[in-house]
Amino acid sequence: NVSRTRIRSMIDEVSEGKKYILSVEKVDSQKGFVDLCKKFITDTDIEEGTEKYRQGKTVHSIVNRVSQILGVDVSFIKELIIYPLSEEYLSPYDAFIEHVMGENVFSVFRNDSLSSSIVDSLVRVIEKRLSVIPVKVFARINLTCYGDKGINGIIEALESGYEEIHHNDSGAIIKLVASPTYEV
């Protein structure tokens, strides 16, 4: 707990502008009080909470962008599309990811012209924001063969690696930098 007794000034306990990770101990809805706890928070709780916050922030920014494009209120889009997605999936973010991966998540919402235009704009923004960005990765390796085959063993190994690369359609390239260094 921040304190077992009533705190007159939160400034004594927390600094302004600094982010704290707290857990909710209890909520008194009659008085409007929320008891927060600074202790007893594990690293996994912090990671889960941070990830959930990041996903929620991403969903809100996508919905906010769609509302700006269409001139519709954010709460209307959330009531029409986001809240029903929350009931069907773990979170709307998971539904967005499944849509990017190829599943038709939004077919249920295309029943009238208004929701159809919102879904079309939402799909465009989701595909733009959550699309997979290709990354170019390379590695330098030193190949030497001390066996009977020598350089022929290295050539055979590179040829089998090259065949495996083209079999998987990964687009990787093997090239000689300077003997015995190769770049994959």
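The numbers attached to residues start from 1 for each chain and follow its sequence in the written order. Per-residue local features are limited, in this predicted model, to residues with pLDDT of at least 70; the limit for side-chain atom pairs, both in listing and counting, is 80 or more; totals at the level of whole chains, interfaces and linings are taken over all residues. The side-chain figures draw on all heavy atoms in the structure; neither hydrogens nor water molecules are used.

### Considerations on the packing of helix α1 (residues 43-70) against helix α3 (residues 92-100)
Inter-axis angles, ranging from 0 to 180 degrees, are taken between N-to-C directions of lines fitted to C-alpha atoms, where helices are fitted over the stretch in contact. Secondary structure elements follow DSSP: runs of H or I of four or more residues count as helices, runs of E of two or more count as strands, with numbering from the N terminus. Where α1 contacts α3, the two axes come as close as 9 Å, and the packing angle between them is 70 degrees. Judged by the inter-axis angle, α1 sits roughly perpendicular to α3. Remark: the crossing between α1 and α3 carries left-handed chirality. Counted together, R54, Q55, T58, V59 and I62 of α1 and P92, Y93 and F96 of α3 form the full contact between these two elements. Gly counts as polar in this scheme, as do all residues outside two lists: the nonpolar Ala, Val, Leu, Ile, Met, Phe, Trp, Tyr, Cys and Pro, and the charged Asp, Glu, Lys and Arg. Each residue belonging to the contact of α1 with α3 can be placed in one class, and the counts come to five nonpolar, two polar and one charged. Orientation categories follow fixed angle ranges, with anything under 35 degrees roughly parallel, anything over 145 roughly antiparallel, 65 to 115 roughly perpendicular, and all other angles oblique. In this scheme the crossing of two helices becomes right-handed for a clockwise turn of the near helix relative to the far one and left-handed for an anticlockwise turn of less than a right angle. Contacts: residue pairs with any heavy atoms within 4.5 Å of one another.

### As for helix α5 (residues 151-168)
Given 3.6 residues to a turn, an α-helix orients residues that are three or four positions apart in the same direction. Its 18 residues give α5 an end-to-end C-alpha distance of 26 Å, which sits within 8% of 26 Å, the value for a rise of 1.5 Å per residue. When accessible area is computed with a 1.4 Å probe and restricted to protein chains, residues below 20% of their type maximum are described as buried, those above 50% as exposed, and intermediate ones as partly exposed. By the burial criterion, the buried members of α5 are G153, I154, L158 and I165. One side of α5 holds all its buried residues, which, seen down the axis, span an arc of 130 degrees. In α5, the exposed positions angled more than 90 degrees off the buried face are occupied by E163 and H167. Residues of α5 that are buried sit in contact with β5 (181-183). Under the convention used throughout, the expected extent of a helix is 1.5 Å for every residue step, that is, one less than its residue count. Throughout, the arc means that of the directions going from the helix axis to the C-beta atoms.

### Some details on the pairing of strand β2 (residues 33-37)
What makes two strands pair is DSSP finding at least two bridges between them. The pairing of strand β1 (residues 23-28) with β2 spans five bridges and is classified as antiparallel. When the bridges of β2 are listed, D28 appears paired with F33. Counted between consecutive antiparallel strands, the loop separating β1 from β2 contains four residues, among which G32 sits at a positive phi close to 85 degrees.

### So, the side chain of H99
Within the secondary structure, H99 sits in helix α3. Ignoring any residue separated from it by four or fewer positions in sequence, one finds H99 in contact with V105, F106, V123, I126 and E127.

### Thoughts on the sheet that holds strand β4 (residues 175-178)
In space, the three strands of this open sheet follow the order β3-β5-β4, with antiparallel pairing throughout. Two strands close off the open sheet at either side, each with one partner strand: β3 (140-142) and β4. When strand polarity is set aside, the average angle formed by the axes of neighbouring strands in this sheet is 35 degrees.

### Things to note about a negative patch on the surface
Taken together, D43, D45, E47 and E48 make up a surface patch of like negative charges. Along the chain, D45 falls in helix α1. Every patch collects residues that have over 30% relative accessible area and no salt bridge, joining them within 9 Å if they carry like charges and within 5 Å if they are nonpolar side chains (Val, Leu, Ile, Met, Phe, Trp, Tyr). Residue burial considers only the protein chains on display, and all accessible areas are found by Shrake-Rupley using a 1.4 Å probe. The rule for a salt bridge is simple: a side-chain nitrogen of Lys or Arg has to be within 4 Å of a carboxyl oxygen of Asp or Glu. In this count, Lys and Arg are taken as positive residues and Asp and Glu as negative ones, while His and the chain termini are left out. Each charge is placed at NZ for Lys, CZ for Arg, CG for Asp and CD for Glu.

### A closer look at the pattern of salt bridges
A complete count under the given rule lists five salt bridges for this structure. Across the salt bridge formed by K175 and E183, the nearest N and O atoms sit 3.9 Å from each other. A relative accessible area of 47% means that K175 is categorised as partly exposed. Given a relative accessible area of 15%, E183 falls into the buried group. Overlapping salt bridges bring together R140, K175 and E183 as one network.

### Regarding the packing of helix α2 (residues 74-88) against α3
At a minimum axis separation of 8 Å, α2 and α3 run at an interaxial angle of 90 degrees. On the basis of the axis angle, α2 is roughly perpendicular to α3. In contact with I82, L85 and S86 of α2, α3 contributes P92, A95 and F96. Here the residues of the contact of α2 with α3 sort into five nonpolar, one polar and no charged.

### Observations concerning the environment of K38
Note that K38 resides in the loop between β2 and α1. We classify K38 as partly exposed; its relative accessible area is 38%. In sequence terms K38 and L22 are 16 residues apart; their C-alpha atoms lie 5.0 Å from each other.

The analysis is restricted to geometry; functional conclusions fall outside its scope.
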